[in-house]
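# An overview of the molecular structure
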Amino acid sequence: MKFSLIYEAQTIDSSREGDRRIFDETVEQAVLADKLGFDTFWCVEHTALTNYSHMSAPETMLAFVAGKTERIGIGHGVVCLPPAMNHPVKVAERIATLDLLSKGRVHFGVGKGGTQQEAGTFGYDLATLQPQIDEAMYLIPKMFVQDEIEHNGDFVKIPKRPIHPKPYQDPHPPMYLACTNTESLKNAGGRGMGALVLGFGGPEEIAKKVAVYHEAWDNRDEKNQVGFRPNRHIAALCPAIVLDDNDKARAIGIRGQRYFMESLAYWYAGGERPDPEQWKDDTFVDGNGQAVIKSRFASEEVSVDFSDPTMAMMNPNHAYGTVNDCIGYVQRLIDAGADEILFICQMGTVPQWAQLETLKNIGEHVIPYFRKQNGLT
């Protein structure tokens, strides 16, 4: 069982000062996570999504963090593979170099990016990208193992060339696919890749996704394998704010998640740009007077009802609360079939002190609890 962190470099301040702050804070958390026993430090890749994500060069962030840490995994969650954005040769070279410098700590996720805003930056129509992503994800691992590569594809053409260096891990780092819908889960399982489930649906939704993934894996044709290292592994997102004060943790977490969802909806679905200074509370109210948060993550509908009294201490869609609340929620994700928990606490309005306290509580209490339970390692 793995316990990891994932970062968007999400910030409410898009100024130069704001950028300096969010990157300094992210590095501080990575160094602390290394000492606390977290398994992997994951970074997304997004371009031109103001406020929602300023993590546009994860290869640089991950290399910097690798040099400042000793044992934590270094995860691309994920590299976007449109060739004009990240040419396959450069991806292979960067991944191998990072793996060498980190002494084999790299985890290599791939995807296409989630918005037309990003695709259009590089001259693409998002709806037409999948065949290009498929070509690249099959091609890159060949560069890790072959002395020379020659490729004449529909989207990438490479004359016969040696590609250096080769990665530290043999044959190459484990590979993952970003999964935000059923089709991508089927592709991950059918292609022998790990699945990074980057949605907010909660344990019940995770259980459904796990079933889809494992069914695809069990029925996969090995001819469709991406790379040369099958990786049966499903990682589930876990929003978390863990403090001694349950009410404060929930208030901070809900506010941060509202910012996350509204900023995401702005770029994904054309909603309004979030303005926390105008918020009178941290929920929405539907037509029946019920307090809810509603948004979308790619194809996944999210609707969380905070008025339900059964959610007062243990919200089934969030690990907001005390250490015991977090343990209970993580157990539900494990029971749903997750192999890795992707804690996310860097959500817009969440202050650095609360993120650091969350990491300490998870690292000093939550992770050790599960390490000792049921022989999980």
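Residues numbered from 1 in each chain as written. Predicted model: local features only at pLDDT ≥ 70, side-chain atom pairs only at ≥ 80, totals over all residues. Heavy atoms only, no water.

The name given to the protein chain in an unreviewed UniProt entry is Putative oxidoreductase, with the source organism recorded as Metapseudomonas resinovorans NBRC 106553.

## Looking at the layout of surface pockets
Considering only enclosed or pocket space, the largest pocket measures out at about 630 Å³ in volume. In terms of lining residues, the largest pocket is bounded by 33 residues, among which Lys 112, Gly 113, Gly 114, Ala 178 and Thr 180 are the most central. Sorting the residues of the lining of the largest pocket by element identifies β3 (73–80), α5 (130–145), β7 (175–179) and α6 (182–190) as the ones contributing at least two each. Top contributing element to the lining of the largest pocket by residue count: α5, with four residues. Residue classes in the lining of the largest pocket are distributed as 16 nonpolar, eleven polar and six charged. Reported here for the second largest pocket is a volume of approximately 170 Å³. As for the second largest pocket, its lining consists of 16 residues, and the residues nearest its centre are Thr 11, Ile 12, Ile 22, Glu 25 and Gly 348. Where the lining of the second largest pocket is concerned, the elements lending two or more residues are α1 (16–36) and α10 (352–372). (1 Å grid on protein atoms, 1.4 Å probe; cavity = no way out; pocket = protein on both sides within 12 Å on 5 of 7 lines; lining within 4 Å. Points joined across faces, edges and corners; volume = space filled by probe spheres on them. Helix = DSSP H or I, 4+ residues; strand = E, 2+ residues; numbered from the N terminus. Nonpolar A, V, L, I, M, F, W, Y, C, P; charged D, E, K, R; others polar.)

## Remarks on unusual backbone geometry
Here the amide bond leading from His 164 into Pro 165 is cis, since omega sits at -5°, within 30 degrees of zero. Inspection of the secondary structure assignment puts Pro 165 in the loop between β6 (157–162) and β7. Going from Asp 170 to Pro 171, the amide bond is cis rather than trans, its omega being 10°. Looking at the element boundaries, Pro 171 is found in the loop between β6 and β7. Of note, Ala 9 is a non-glycine position whose phi angle comes to about 55°, a positive value.

## Examining the packing of aromatic side chains
What the rule picks out here adds up to ten aromatic pairs. Measuring from centroid to centroid gives 5.1 Å for Trp 42 and Tyr 176, while their planes differ by 90°, and the two rings are edge-to-face. With Trp 42 in strand β2 (residues 40–43) and Tyr 176 in strand β7, this pair connects stretches of sequence that are 134 residues apart. Each of the two residues, Trp 42 as well as Tyr 176, counts as buried. Taking the centre distance of 6.3 Å and the plane angle of 75° together, the rings of Tyr 52 and Tyr 268 count as edge-to-face. In this pair, Tyr 52 is assigned in the loop between β2 and α2 (58–68) and Tyr 268 in helix α8 (residues 246–269), connecting sequence segments 216 residues apart. A relative accessible area of 24% means that Tyr 268 is categorised as partly exposed. Three or more aromatic residues link up through ring pairs in this structure, and these residues are Phe 3, Tyr 369 and Phe 370. The positively charged end of Arg 220 is found above the aromatic ring belonging to Trp 217, 4.3 Å away from the centroid. Just above the ring of Trp 279 sits the side chain of Arg 258; from NZ or CZ to the centre is 4.3 Å. (Phe/Tyr/Trp six-rings, centres within 6.5 Å; stacked < 30°, edge-to-face > 60°. Buried < 20%, exposed > 50% of the residue type's maximum accessible area, 1.4 Å probe, protein only. Lys NZ or Arg CZ within 6 Å of the ring centre and 35° of its normal.)

## Some thoughts on the side chain of Glu 8
Tracing the chain through its elements places Glu 8 in the loop between β1 (2–7) and α1. With no salt bridge to any partner, buried Glu 8 finds its closest opposite charge in Arg 273, at an N-O distance of 14 Å. If sequence neighbours within four positions are ignored, Glu 8 has contacts with Val 44, His 46, Tyr 52, Ser 53, His 54, Met 55, Phe 260, Ile 344 and Gln 346. (Lys, Arg positive; Asp, Glu negative; His and termini not counted. Salt bridge = Lys/Arg side-chain N within 4 Å of Asp/Glu carboxyl O. Contact = heavy atoms within 4.5 Å.)

## Digging into the pattern of salt bridges
On inspection of all chains with the given rule, the structure shows twelve salt bridges. With its nearest N and O atoms 3.6 Å apart, the salt bridge here joins Glu 148 to Lys 160. Of this pair, Glu 148 sits in strand β5 (residues 148–152) while Lys 160 sits in strand β6, placing them twelve residues apart in sequence. The partly exposed category is assigned to Glu 148, whose relative accessible area is 38%. The shortest N-O distance in the salt bridge between Glu 205 and Lys 208 comes to 3.3 Å. One end of the pair is Glu 205 and the other is Lys 208, both in helix α7 (residues 203–218) and three residues apart, which spans about a single turn. Here the residues in one salt-bridge network are Asp 13, Glu 17 and Arg 21, joined through shared partners.

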